[in-house]
Amino acid sequence: MARQMRVIVSKKRLSSPSSASKSTCNIRESEGRRVVVIGGSVGKKVKRLQKLVPGGKGLQPDRLFLQTADYILHLKLKLDLLRALSNLYR
């Protein structure tokens, strides 16, 4: 059975989840907060992303996505720097 991860999405009360949310994860209400339970293929993708992003292991998905965005920005800046250095030595 696939392992499930819990993510607290919002402190607002759950009215009715969108149909897109229903197909990828379970949304429950717990102590007045929306809780998303990720499982199946989404959970596998989150686990894979945790392995790819430095410092991603053990992060909750919301923090993982922020860390991923920072890492992508870091890689873009590094690429721009290497391109600029390469152009200097042509």
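Within an unreviewed UniProt entry, the label attached to the protein reads BHLH domain-containing protein, and the organism entered is Papaver somniferum.

K.L.:
Now, about a nonpolar patch on the surface: what can you tell me, with residues and values included?
P.N.:
Residues L81, L82, L85, L88 and Y89 make up a contiguous nonpolar surface patch of about 600 Å² in total accessible area. As for its placement among the helices and strands, L81 is situated in helix α3 (residues 61–88).

K.L.:
Kindly report on the environment of I72, identifying the contributing residues and their values.
P.N.:
If you trace the backbone, I72 turns up in helix α3. Taking relative accessible area as the criterion, I72 reaches 43% and is therefore assigned partly exposed. Spatially, the C-alpha atoms of I72 and V53 are 9.2 Å apart, while their sequence positions differ by 19 residues.

K.L.:
Just give me the short version of helix α2 (residues 40–52), but keep the residues and values in it.
P.N.:
Given a rise of 1.5 Å per residue, 13 residues ought to cover 18 Å, and the 19 Å separating the end C-alpha atoms of α2 matches this to within 8%. Taken residue by residue, α2 has G43, V46 and Q50 as its buried positions. Along α2, the residues classed as buried sweep out an arc of 60 degrees about the axis, all on the same side. For α2, exposure combined with an orientation more than 90 degrees from the buried face picks out K44, K45, R48, K51 and L52.

Cut-off values and rules
- Residues numbered from 1 in each chain as written.
- Predicted model: local features only at pLDDT ≥ 70, side-chain atom pairs only at ≥ 80, totals over all residues.
- Heavy atoms only, no water.
- Patch = residues over 30% accessible without salt bridge, like charges linked within 9 Å, V, L, I, M, F, W, Y side chains within 5 Å.
- Areas by Shrake-Rupley, 256 points an atom, 1.4 Å probe, with all protein chains shown as cover.
- Salt bridge = Lys/Arg side-chain N within 4 Å of Asp/Glu carboxyl O.
- Helix = DSSP H or I, 4+ residues; strand = E, 2+ residues; numbered from the N terminus.
- Buried < 20%, exposed > 50% of the residue type's maximum accessible area, 1.4 Å probe, protein only.
- Expected span 1.5 Å × (residues − 1).
- Arc of directions from axis to C-beta.

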